[in-house]
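Now for the letters of each chain:
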Amino acid sequence: QVQLVESGGGLVQPEGSLRLSCAASRSIGSIYVMGWYRQAPGKQRESVATITNRGGINYADAVKGRFTISRDNARNTVYLQMNSLKPDDTAVYYCYANGAVVGTSWGQGTQVTVSS
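Notes on the structure follow. (Residues numbered from 1 in each chain as written. Predicted model: local features only at pLDDT ≥ 70, side-chain atom pairs only at ≥ 80, totals over all residues. Heavy atoms only, no water.)

Sheet architecture is open: four strands sit in the order E1-E3-E8-E7, paired in antiparallel fashion. Taken across any chain shown, the strands that pair with only one partner, and hence form the sheet edges, are strand E1 (4-7) and strand E7 (67-72). Each strand axis lies, on average, 15 degrees off the axis of its neighbour in the sheet, ignoring direction. (Pairing = 2+ DSSP bridges. Helix = DSSP H or I, 4+ residues; strand = E, 2+ residues; numbered from the N terminus. Axes fitted to C-alpha atoms, helices over the stretch in contact; angles between N-to-C directions.)

Laid out in structure tokens, this is it:
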């Protein structure tokens, strides 16, 4: 497995921006897919954005045009740039990795709160 540590969450006003980071404990170049999920109170965990090691990207419809996922293999880090944040984006955001070598791994989560 791989240890994943998220950072960058916090409190932001509507229409604000945050950048989440996910630092991995090992090289991520061979990890097939990494991404971000979120879970709001009383709701199921849902996929936000994923990126493969070949650069294939998928976004949830709710965040298309506002969020951008990227991975820096040299730094073993995955990012989620979140712009035009809305109160509905409030959730705990989890980093995720899945691949033949590492199996499935989750970070501990970072809280994002969008409120005025």
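That shown, we press on.
To continue, consider the state of the cysteines. Throughout this description, disulfide means a covalent bond between two cysteine sulfur atoms. Applying the stated criterion to the full structure yields one disulfide. Here Cys22 connects covalently by a disulfide to Cys95, the sulfurs 2.0 Å from one another. Its torsion about the S-S bond being -80 degrees, the disulfide of Cys22 and Cys95 is classed as left-handed. Here Cys22 is found in strand E3 (residues 18-24), whereas its partner Cys95 is found in strand E9 (residues 91-99), with 73 residues between them in sequence. (Disulfide = S-S within 2.5 Å.)

Structurally, Ser84 is set in the loop between strand E8 (77-82) and E9. For the pair formed by Ser84 and Tyr59, sequence separation is 25 residues and the distance between their alpha carbons is 15 Å. Not counting residues within four places of it along the chain, the set of residues in contact with Ser84 comprises Glu15, Gly16, Ser17, Arg66 and Asp89. (Contact = heavy atoms within 4.5 Å.)

If you look at the biggest cluster of nonpolar residues, it comprises 29 residues, and the most contacted ones within it are Trp36, Leu80, Met82 and Tyr93. Of all the secondary-structure elements, those providing two or more residues to this core are E3, strand E4 (33-39), strand E5 (46-52), E7, E8, E9 and strand E11 (110-114). Aside from chain neighbours lying at most four places away, what touches Met82 is Gly16, Ser17, Leu18, Leu20, Arg66, Phe67, Tyr93 and Val112. (Core = buried A, V, L, I, M, F, W, Y, C linked by side-chain atoms within 4.5 Å. Buried < 20%, exposed > 50% of the residue type's maximum accessible area, 1.4 Å probe, protein only.)

Turning our eyes to something else, we now look at the side chain of Glu6. Here Glu6 shows up in strand E1. Salt bridges are absent for the buried Glu6, whose nearest opposite-charge side chain, Arg45, sits at 7.7 Å. In terms of polar contacts, Glu6 uses its side chain to reach the backbone amide nitrogen of Gln108, at 3.1 Å. Among the polar contacts listed, one links the side chain of Glu6 to the backbone nitrogen of Gly109, at a separation of 3.0 Å. The residues touching Glu6, leaving out its near neighbours within four places in the chain, are Ser21, Cys22, Trp36, Tyr93, Tyr94, Cys95, Gly107, Gln108, Gly109 and Thr110. (Lys, Arg positive; Asp, Glu negative; His and termini not counted. Salt bridge = Lys/Arg side-chain N within 4 Å of Asp/Glu carboxyl O. Polar contact = N/O pair within 3.5 Å; in protein donor to acceptor, adjacent residues only side chain to side chain.)

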